[in-house]
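Single-letter residue listing:
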Amino acid sequence: MNKYTERLYNGVIKENPTFVLMLGMCPTLAVTSSAINGLGMGLSTLVVLVCSNLLISLFRNIIPNGVRIPAFIVIVASLVTVVQLLMQAYLPALSKSLGVYIPLIVVNCIILGRAESYASKNGPVESVFDGIGMGLGFTMGLTIIGLIREILGAGTFFGLAFLSSIKGYTPATIFIMAPGAFLVLGFLVAGMNIVRKKMEAKGKPLAEPAGCLSGDCANCGMSAGCTGKSQAAGKSE
């Protein structure tokens, strides 16, 4: 597996933001009442993630270490503004449905996490593929959750009549409410854990996430002010 394919595999399977790292839970639980919402939110995040990874990687040797986080936020906020304006112009219904969660991409921990732990330390091409992998993993997670909730809670499939056309079928509306989001997410996370364990049993070890997201200070690159515990050294930095 070459390094580019590995970045895609990493984002979709090994370190899936939704089902493994449990990042971006606010939009995951809030906007996935339908598959269209989940797909739209996921693709919006993917575009911002890829573009921010590319720009941060290109400027990684120029941005002073002391202001890197504010600089990352400025880059991400600019990209999110562009995406939001494009959605308002060409996809107004989806933009209205997603509402405040589009601007909140600015502080999505997936975006800032990949900027800090990967894009700021690697080349542009690798960072783009990392963004694509993580974005696809996030999009897959949101779309699957939204699809399940929509089918069970509304009886529709991407807005089209599905189970609702069956005589006598009554959708379980709890699935398009907040409790349904937690239920579906919980079952899908359990399913992902089962799949990962089976892959490990077949001789395909899935390493734990590395860097800041896992608390591994040996691969973090943070300044001495970090209070995390290094798994490698077994002590605080």
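Per-chain numbering applies: the sequence of each chain, read as written, is numbered from 1 onward. A pLDDT threshold of at least 70 governs which residues receive local features in this predicted model, and a stricter bar of 80 or more applies before side-chain atom pairs are shown or counted, although totals over entire chains, interfaces and linings include all residues. Side-chain calculation: all heavy atoms of the structure are included, whereas hydrogens and water are not.

1. Considering the overall build of the chain
In terms of regular secondary structure, the chain is built from eight helices and two strands. Think of it this way: any DSSP run of H or I at least four residues long counts as a helix, any run of E at least two long counts as a strand, and we number them from the N terminus. Ordered by position in the sequence, the α and β elements of the chain form the string α-α-α-α-α-α-α-β-β-α. Buried residues are those whose accessible area, probed at 1.4 Å on protein chains only, stays under 20% of the maximum for their type, while exposed residues exceed 50% and partly exposed ones sit between those limits. Counting the 237 residues in the chain, one finds 42% classified as buried. When contacts within the chain are restricted to residue pairs at least 6 apart in sequence, those whose partners lie at least 24 apart make up 68%. Shrake-Rupley sampling with a 1.4 Å probe provides the accessible areas, and residues are treated as covered by the protein chains on show and by no other component. On the chain, roughly 11900 Å² of surface is accessible, and the fraction owed to carbon and sulfur atoms is 69%. In this analysis, two residues are considered to be in contact whenever any of their non-hydrogen atoms come within 4.5 Å of each other.

2. Thoughts on helix 7 (residues 124-154)
Residue count minus one, scaled by 1.5 Å, sets the expected span of a helix. The end-to-end C-alpha separation of helix 7 is 43 Å, in line with the 45 Å expected for 31 residues at 1.5 Å each. Positioned one or two residues after helix 7, glycine 155 has a phi angle of 75°, which is positive.

3. Overview of the nonpolar core
Ranked by size, the top nonpolar core spans 27 residues in total, and within it Met41, Val48, Leu98 and Ile105 carry the most contacts. Breaking this core down by element, the ones donating at least two residues are helix 3 (35-58), helix 4 (68-90), helix 5 (92-98), helix 6 (109-117) and helix 7. The dominant element in this core, judged by the number of residues it contributes, is helix 4, at seven residues. Excluding anything up to four places from it in sequence, leucine 98 contacts Val31, Asn37, Gly40, Met41 and Met87. Formed by nine residues, the second largest nonpolar core is a distinct cluster that contains Leu29, Phe175, Val189 and Met192. The nonpolar core is taken to be a set of buried Ala, Val, Leu, Ile, Met, Phe, Trp, Tyr and Cys residues, with the residues joined through side-chain atoms within 4.5 Å.

4. What about helix 4?
The end-to-end C-alpha separation of helix 4 is 33 Å, in line with the 33 Å expected for 23 residues at 1.5 Å each. Within the span of helix 4, buried status applies to Arg68, Phe72, Ile75, Val76, Leu79, Val80, Val83 and Met87. Next to the buried residues of helix 4 lie helix 3, helix 5 and helix 6.

5. A short note on the environment of leucine 79
With respect to the secondary-structure elements, leucine 79 resides in helix 4. Every residue in contact with leucine 79, bar those within four places of it in the chain, is listed here: Val48, Cys51, Ser52 and Leu55.

6. Some points on the pattern of salt bridges
The term salt bridge refers to a side-chain nitrogen of Lys or Arg lying within 4 Å of a carboxyl oxygen of Asp or Glu. All chains considered together, the criterion is met by eight salt bridges. Here arginine 114 ties to glutamate 15 by a salt bridge, and the two come within 3.9 Å at their closest N and O atoms. With arginine 114 in helix 6 and glutamate 15 in the loop between helix 1 (3-14) and helix 2 (25-30), this residue pair connects regions lying 99 residues apart in the sequence. Here glutamate 116 and arginine 68 are joined by a salt bridge, their closest N and O atoms 3.0 Å apart. Note that glutamate 116 is positioned in helix 6 and arginine 68 in helix 4, a separation of 48 residues in sequence. Of the two residues, glutamate 116 and arginine 68, both sit in the buried class. Within the structure, one salt-bridge network assembled from shared partners comprises Glu6, Arg7, Lys14, Glu15, Arg114 and Asp130.

7. Quick notes on the packing of helix 3 against helix 6
Here, axes are lines fitted to C-alpha atoms. For helices the fit covers the stretch in contact, and angles between N-to-C directions go from 0 to 180 degrees. The contact between helix 3 and helix 6 brings their axes to 10 Å, and the two run at 25°. For the element pair helix 3 / helix 6, the angle class is roughly parallel. In terms of crossing hand, the pair formed by helix 3 and helix 6 is right-handed. Packed against helix 3, whose contacting residues are Thr45, Val48, Leu49, Ser52, Asn53 and Ile56, the element helix 6 presents Ile110, Ile111, Arg114 and Ala115 at the interface. Of the residues contributing to the contact of helix 3 with helix 6, the split by class is six nonpolar, three polar and one charged. Oblique is the label for any angle not under 35 degrees, not over 145, and not in the 65 to 115 range, which are roughly parallel, roughly antiparallel and roughly perpendicular in turn. Here a crossing is called left-handed whenever its near helix is offset anticlockwise from the far helix by less than a right angle, and right-handed whenever the offset is clockwise. Note on residue classes: Ala, Val, Leu, Ile, Met, Phe, Trp, Tyr, Cys and Pro are nonpolar, Asp, Glu, Lys and Arg are charged, and everything else, Gly too, is polar.

8. Some words on unusual backbone geometry
Despite not being glycine, methionine 22 shows a phi value in the positive range, around 55°. Among the secondary structure elements, methionine 22 is positioned in the loop between helix 1 and helix 2.

9. What about the confidence of the model for the chain?
Considering every residue of the chain, the mean pLDDT works out to 82; 83% of them sit at 70 or more. Helix 3 holds the highest mean pLDDT among the elements of the chain, 94, whereas strand 2 (residues 160-161) holds the lowest, 76. Counting interchain partners and residues more than four positions distant, the pLDDT-below-50 stretch residues 209-225 has 34 contacts. In predicted models, pLDDT denotes the confidence assigned by the predictor to each residue on a 0 to 100 scale.

10. Notes on the packing of aromatic side chains
For this analysis, a ring pair means two rings from Phe, Tyr or Trp (six-membered ring only for Trp) whose centres lie within 6.5 Å, classed as stacked if their planes differ by under 30 degrees, edge-to-face if by over 60, and tilted for the remaining angles. Enumeration over the complete set of coordinates arrives at two aromatic pairs. Between the aromatic rings of tyrosine 4 and phenylalanine 129, the centroid separation amounts to 4.9 Å while the plane-to-plane angle is 35°, which identifies the pairing as tilted. Taken together, the positions of tyrosine 4 in helix 1 and phenylalanine 129 in helix 7 put the pair 125 residues apart, joining distant regions of the chain. Residue classification places tyrosine 4 among the partly exposed residues on the basis of a relative accessible area of 28%.

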